[in-house]
Amino acid sequence: MKGLNDKQLEACCYTDGPLLILAGAGSGKTRVITHRIAYLIDELSVNPYNILAITFTNKAAKEMRERVDNIVGFGAESVWVSTFHSMCVRILRKHIECLGGTKDFTIYDTDEQKVVIREVLKYLSLDPKLYPEKAMLAAISKAKEEYMSPDDYEKVNATSFRDQQIAKVYREYQKRLRSNNAFDFDDLIYQTIFLFETNPDVLAEYQERFKYIMVDEYQDTNHTQFVLVKMLASKYRNLCVVGDDDQSIYKFRQARPDLFLSKYNTYKLKDNQKENEDLKIQLFKNFRSRKNVLDFTNIIFENLMTENPWEIEYSEEEYLNLGADYKEINQDLKIEINAIDLAEDIETEQENRIANFENTSNDFKEESVQEEEEHIQDIEIEAKYVAKRIKELVGE
């Protein structure tokens, strides 16, 4: 535990029951997770086989794997460090027969999905101009990330003719995937949850194995990822989630940072915990950047990125725990940062885009298609303006 500050140490040593770690940028959250794993193994004699650590990207999983190996040493290979999807692939490869599949199933990429969608649209005699491949795949992906089957989707959208057609596309699309012994990316988590729901003995096997679960970047979980974690942790409830809703980057995959705290609060307390016991630890101190960088970042947070910002603290320690090295800064240098309001610029750009849209051909004026395109373009416009203005601020 050498080199940890008080809050980091507290987070590492709290192991009995659910724990939420609110960790700002550069506050050493990965360091906390890896040291927490080491504490469980070295101090509490937990079998490495019973520890699961989940993160969101293969790169992050590889980095965490290397850190765990370096800190823990012997037995580290038994700790399951993985992304959500890699974990689900391993589980499905082992138990896919329970769902009527075979272990040599294929995972389709986007191009292969588009081929299937084209076949489905042709089979159902649907105009690809009114039901574009991209829009169909996006609707199916969203449904799966909300854990909605084709029947569920049809029932929820019973009053919409377009959505009823999408339900038919979804149903036929899944039928063709099954006949090809294939899954798409969203199926991996969806089918794992379905496996656990329909095979309680398989769920019990993994609940018993993963007695201690840690999830990094928890603010980026969508509904199915949340359900999956809750299922695995429901027996022992030794769940530690780490995140910062100001850093969510996966809204396009239905991540819900607005539900960050409410999702965590659904986990039940253990019998030895009091109802009002504080199960949240906040890591505010930054070990990655100098003070002027953090001052700038705090202003960006306050004016552009969140309604309820919390400031990142600067570490006055002589060394930076994450190994970063910086040259001395001219203390006389003064930096002025002007906060801006993007709302007016974005609104103007949106009005111009809508006006241009009205001048396009009638084939593309079907109301639901317009709504789909406007939603995607709104996101792109906001992202471009934020990036542009931040670059201008940095340049100034």
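Look up a bit, the structure's there.
Parameters and conventions
- Residues numbered from 1 in each chain as written.
- Predicted model: local features only at pLDDT ≥ 70, side-chain atom pairs only at ≥ 80, totals over all residues.
- Heavy atoms only, no water.
- Helix = DSSP H or I, 4+ residues; strand = E, 2+ residues; numbered from the N terminus.
- Buried < 20%, exposed > 50% of the residue type's maximum accessible area, 1.4 Å probe, protein only.
- Contact = heavy atoms within 4.5 Å.
- Areas by Shrake-Rupley, 256 points an atom, 1.4 Å probe, with all protein chains shown as cover.
- Axes fitted to C-alpha atoms, helices over the stretch in contact; angles between N-to-C directions.
- Left-handed = near helix turned anticlockwise from the far one by under 90°.
- Nonpolar A, V, L, I, M, F, W, Y, C, P; charged D, E, K, R; others polar.
- Arc of directions from axis to C-beta.
- Pairing = 2+ DSSP bridges.
- Right-handed = clockwise from strand over helix to strand, strands pointing away.
- Expected span 1.5 Å × (residues − 1).

Draft legend 1. Spatial organisation of the overall build of the protein chain. Within the protein chain one finds 15 helices and 10 strands. Looking at the 396 residues of the protein chain, the share that counts as buried comes to 46%. By sequence separation, contacts in the protein chain at least 24 residues apart represent 76% of the contacts at least 6 residues apart. Of the accessible surface of the protein chain, which amounts to about 21,700 Å², a share of 48% is contributed by carbon and sulfur atoms.

Draft legend 2. Local environment of the packing of helix α9 (residues 187–198) against helix α11 (residues 223–233). With their axes 10 Å apart at the nearest point, α9 and α11 run at an angle of 35 degrees to one another. As α9 runs across α11, the sense of the crossing is left-handed. Contacts between α9 and α11 involve I189, T192, I193, F196 and E197 on the former and, on the latter, T224, Q225, V227, L228, M231 and L232. Looking at the contact of α9 with α11, its residues break down into 7 nonpolar, 3 polar and 1 charged.

Draft legend 3. Layout of helix α10 (residues 200–209). Every buried residue of α10 is accounted for by V202, L203, Y206, Q207 and R209. Buried residues of α10 fall within an arc of 165 degrees about the axis and therefore sit on the same side. Every exposed residue of α10 that faces more than 90 degrees away from the buried side is listed here: P200 and D201. Where α10 is buried, its residues touch β2 (51–55), β3 (80–83), α4 (84–95), α9 and α11.

Draft legend 4. Up close: the pairing of strand β6 (residues 212–215). Burial along β6 is two-sided: the residues Y212 and M214 and I213 and V215 are all buried. The pairing of β2 with β6 spans 4 bridges and is classified as parallel. For A53, the partnering residue across the bridge sits in β6 and is M214. With 3 bridges joining them, β6 and strand β7 (residues 239–243) adopt parallel strand pairing. Looking at β7, one finds that I213 is bridged to L239. With α11 bridging β6 and the parallel β7, this β-α-β connection has right-handed handedness.

Draft legend 5. Up close: the environment of G24. Along the polypeptide, G24 turns up in the loop between β1 (19–23) and α2 (29–42). Residue classification places G24 among the buried positions, given a relative accessible area of 2%.

Draft legend 6. Broad picture of the pairing of strand β8 (residues 280–283). Across the two faces of β8 the burial differs, with I281 and L283 buried and K280 and Q282 not buried at all. Two elements, β1 and β8, share 4 bridges in a ladder whose sense is parallel. Across the sheet, L20 pairs through a bridge with K280, a residue of β8.

Draft legend 7. Seen up close, helix α6 (residues 133–145). Taking 1.5 Å per residue as the helical rise, α6 with its 13 residues ought to reach 18 Å, and the 18 Å between its terminal C-alpha atoms agrees with that figure. Within α6, burial applies to A135, M136, L137, A139, I140, S141, A143, K144 and E145. Phi turns positive, to about 55 degrees, at Y147, one or two residues after α6.

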